[in-house]
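Reading the structure
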Amino acid sequence: MRLPPHILVVNGIKVRRPVFLLGAPHSGADLLARALKRSPGFHVTMGRASVAHVVYAFARKPSIGRTSGAVRVLRDALAESWQVLPGSCGHCAQPCREAGGVTGAGPCVATGDIVRFGDGSPDLIYSAPVLLQAFPDARFVQLIRDGRDVAADMLDDSACLAWFRPAMLTKQTEFPNAFLGVNKDEHLNRWKGMPAAGKCALRWRSAVRLSAELRRTLPAEQLMTLRYEDLVLKPAQAVATLAEFLETRVSKVPLYGRAAKAGSWRSRLRPADLELVEKVAREELTRLGYLTS
C-alpha cells in the first residue's frame, strides 16, 4: 500500500516527478545522469554521501528498507543531496562535479533554473521500492546492458571489486542479498570461494532480475527501460524516446565519445572468466537476447 502523497520542498522548490536512474554497475546510469544533468531545468546528483550511506545500508540489510522509517530516511537523504548551497558541490563525488562542469566549489546549478530533480547514484536499484513509496509520482529509467560487458568493466573497477572482499561482509549483511546476488545464506561459502568474474555476474544477474520485477510492478508511464547498446549506438533515437517519456528536453551531447563500446568483452574477458560469466548468468543473458541458447 502506497503512502499518501508527500510534497518535498528543496530550496523553495516542490519536488515533483523526480527521475531516478537504475541499473547494474556500469550499465549506463552514469551516462544518462550526465545527459540529464546538462538538460534544461534538471538538477541531478550522482553519488552524494548522504544518499550513498542510505543506499548501501539498505543493500547490506534489506530489512531496513521495510521499516516504517525507511521512507523518511531516504527522502531526507535526497533532500540533503539536492540542496543548492554556495559550497554544496564540494561535497559531491568527482563524477558528479565533472558532469556538472564544476571547477570550484560550485554550485553547478542556479535554484531559479530548477524545474525537476533526479538522482543517478550507483546501486540505486536496490532502493527502488523505498523510492517509490517516498515519491509516488517518480519516474524511473532503468538501464540494461550485456552482462559480459558489465563484468569486464567491473573487473577493471577497484570500487566494485572492493565489495567482494571478505571484510565487507559485516554482521549487518543479511541473506538472501540482492546486492551481492546471493540468494540463500547457505550459498555464502560458495560465493566466498568464487572468482571475481563470477561475483560480477551474480551482481548483474540480480540487478536484471530486480529490473524485471519493476517492469511487472510499475505502470508504463512511470518506468522506462533503455538498453545501453541503444544509448551508445543510437544516442539521438534513445534520447528522443527518453525525452518523450520524461516530457522534457534531454541533452544528447554528453553521450558522444564517453561510452565504452558494446561487445568489448570479446577482447577484455579472459576465456575462463567469460565461461564463468556465461555459466552464472546464462538464463538472463539468453532471455535478454545477448546469448543464443
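Thresholds, definitions, all that
Residues numbered from 1 in each chain as written. Predicted model: local features only at pLDDT ≥ 70, side-chain atom pairs only at ≥ 80, totals over all residues. Heavy atoms only, no water. Helix = DSSP H or I, 4+ residues; strand = E, 2+ residues; numbered from the N terminus. Rg over C-alpha atoms; globule rule 2.2 N^0.38 Å. Contact = heavy atoms within 4.5 Å. Buried < 20%, exposed > 50% of the residue type's maximum accessible area, 1.4 Å probe, protein only. Pairing = 2+ DSSP bridges. Polar contact = N/O pair within 3.5 Å; in protein donor to acceptor, adjacent residues only side chain to side chain. Axes fitted to C-alpha atoms, helices over the stretch in contact; angles between N-to-C directions. Parallel < 35°, antiparallel > 145°, perpendicular 65-115°, else oblique. Left-handed = near helix turned anticlockwise from the far one by under 90°. Nonpolar A, V, L, I, M, F, W, Y, C, P; charged D, E, K, R; others polar. Salt bridge = Lys/Arg side-chain N within 4 Å of Asp/Glu carboxyl O.

1. A closer look at the overall build of the protein
A tally of helices and strands in the protein yields 14 helices and seven strands. By the compact-globule yardstick of 19 Å for 293 residues, the protein fits well, its C-alpha radius of gyration being 19 Å. Overall, the protein is about 55 × 40 × 40 Å in size when its C-alpha atoms are taken along their principal axes. Counting contacts in the protein only where the partners sit at least 6 residues apart, residues at least 24 apart contribute 77% of the total.

2. Observations regarding the pairing of strand β5 (residues 116-119)
Going residue by residue along β5, you find R116 and G118 tucked away on one face and F117 and D119 tucked away on the opposite face as well. In terms of strand pairing, strand β3 (residues 19-23) meets β5 through two bridges, oriented parallel. In the strand pairing of β5, F20 is matched with D119. In the sheet, strand β4 (residues 42-45) pairs with β5 via four bridges, with the strands oriented parallel. Note that in β5 the partner of V44 across the bridge is G118.

3. Looking at the environment of R209
Checked against the element boundaries, R209 lands in helix α9 (residues 196-217). Each C-alpha atom, one on R209 and one on A178, is 9.2 Å from the other, the two residues being 31 residues apart in sequence. Every residue in contact with R209, bar those within four places of it in the chain, is listed here: N183, E283 and E284. Within the local environment of R209, its side chain forms a polar contact with the side chain of E284, the two groups lying 2.9 Å apart.

4. What to know about the sheet that holds strand β6 (residues 139-144)
Sheet architecture is open: five strands sit in the order β4-β5-β3-β6-β7, paired in parallel fashion. Edge positions in the sheet fall to β4 and β7 (223-227), since each of these pairs with one other strand and no more. On average, each strand axis in the sheet is inclined to that of its neighbour by 20 degrees, with strand direction left out of account. By the bridge criterion, five bridges tie β3 to β6 in an arrangement that is parallel. What sits directly across from F20, in β6, is F140.

5. Examining the environment of L131
Following the sequence through the fold, L131 ends up in helix α5 (residues 128-134). Once the C-alpha coordinates of L131 and V71 are considered, the two residues, 60 residues apart in sequence, prove to be 7.3 Å apart. In contact with L131, other than residues within four places in its own chain, are F20, L74, L78, L124 and F140.

6. Observations concerning unusual backbone geometry
The amide bond that connects F175 to the next residue, P176, takes the cis arrangement and shows omega of 5 degrees. Summarising the element assignment, P176 is placed in the loop between α7 (158-162) and α8 (188-192). Non-glycine residue R17 carries a positive phi angle of around 45 degrees. Summarising the element assignment, R17 is placed in the loop between β2 (13-15) and β3. Phi at D123 takes a positive value of approximately 65 degrees, unusual for a residue other than glycine. Residue placement: D123 occurs in the loop between β5 and α5.

7. Brief notes about the packing of helix α6 (residues 147-155) against helix α13 (residues 271-280)
As a packed pair, α6 and α13 sit with axes 10 Å apart at the nearest point and diverge in direction by 130 degrees. Our classification of the angle between α6 and α13 gives oblique. α6 and α13 meet at a crossing whose hand is right-handed. Where α6 approaches α13, its residues G147, R148, A151 and L155 are matched on the opposing element by D273, L274, V277 and E278. Counted by class, the contact of α6 with α13 contains four nonpolar, one polar and three charged residues.

8. Examining the pairing of β3
Among the five residues that make up β3, five are buried, leaving the element largely enclosed by the rest of the structure. On β3, burial covers both faces: V19, L21 and G23 on one face and F20 and L22 on the other are all buried.

9. Remarks on the pattern of salt bridges
As enumerated under the stated definition, the model contains twelve salt bridges in all. A salt bridge links R17 to E247; the shortest N-O distance between them is 2.9 Å. Linking R17 in the loop between β2 and β3 with E247 in the loop between α11 (235-246) and α12 (265-268), this pair joins segments that are 230 residues apart in sequence. Judged by its relative accessible area of 62%, E247 falls in the exposed class. A salt bridge links R209 to E284; its shortest N-O distance comes to 2.9 Å. Of this pair, R209 sits in helix α9 while E284 sits in helix α14 (residues 282-287); the two residues are 75 residues apart in sequence, bridging distant segments of the chain. A residue is classified by how much of its surface remains accessible, and R209, at 32% relative accessible area, is partly exposed.

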